[in-house]
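Given next are the chains, with one letter for each unit.
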Amino acid sequence: MSTRLIAGKDFAGDGHSDLFGLRSSLTPSEIPMQYLFRGNGLDGFISGGQRTTGLWSGFPTAFSTADVNGDAVPDVLAVDQFGTLDVFQGNGRGGFFNIHGIGRGWGRFL
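Description of the structure in this document. Keep in mind the model is a prediction, meaning the values are calculated, not measured.

So, how was this worked out
- Residues numbered from 1 in each chain as written.
- Predicted model: local features only at pLDDT ≥ 70, side-chain atom pairs only at ≥ 80, totals over all residues.
- Heavy atoms only, no water.
- Core = buried A, V, L, I, M, F, W, Y, C linked by side-chain atoms within 4.5 Å.
- Buried < 20%, exposed > 50% of the residue type's maximum accessible area, 1.4 Å probe, protein only.
- Contact = heavy atoms within 4.5 Å.
- Pairing = 2+ DSSP bridges.
- Helix = DSSP H or I, 4+ residues; strand = E, 2+ residues; numbered from the N terminus.

### A short note on the nonpolar core
- Grouped together as the largest cluster of nonpolar side chains are nine residues: Ile6, Phe11, Ala12, Phe20, Leu36, Val76, Ala78, Phe88 and Phe96.
- The residues contacting Leu36, other than those within four sequence positions of it, are Phe11, Ala12, Asp18, Leu19, Gly48, Gly49, Gln50, Thr52 and Gly94.

### Side note on the pairing of strand 8 (residues 96-103)
- Examined bridge by bridge, strand 7 (residues 85-90) and strand 8 share six bridges and lie antiparallel to one another. In the sheet register, Leu85 faces strand 8, and the bridge partner there is Gly103.

### Some details on the pairing of strand 7
- Within strand 7, six of the six residues are buried, leaving the element largely enclosed by the surrounding structure.
- Of the strand pairs in this sheet, strand 6 (residues 76-79) and strand 7 are connected by four bridges, and their pairing is antiparallel. Directly across from Ala78, in strand 7, lies its bridge partner Asp86.
- Taken together, strand 6 and the strand that follows it, strand 7, pair antiparallel across an intervening segment of five residues, in which Gly83 is found at a positive phi of about 85°.
- Taking the residues that link successive antiparallel strands as the turn, the strand 7-strand 8 hairpin has five residues, and the phi of Gly92 there is positive, at about 80°.

Structure follows, in structure tokens:
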């Protein structure tokens, strides 16, 4: 099991930097879990991690990026187990929607 944290983006749309975490599967049949840790603006967090929406099964790595689609909301790029790079569009409320494939051949970055 491994965990990947992405910091410094306002995923929740409340003006505070948040942490987004993706925990890999414990077993091959388990779906990876994603969490949002909402920043409180005072160098801390509002509460424990909140499960976020999105279909993360098959995505062993993810990393943050700037606003990919120009809607002023941070998005997450992820590479699936087949080496396809996908963008998970942020919804501005701590979740994601509209998974779009960007390209193939990214498997060497896993």
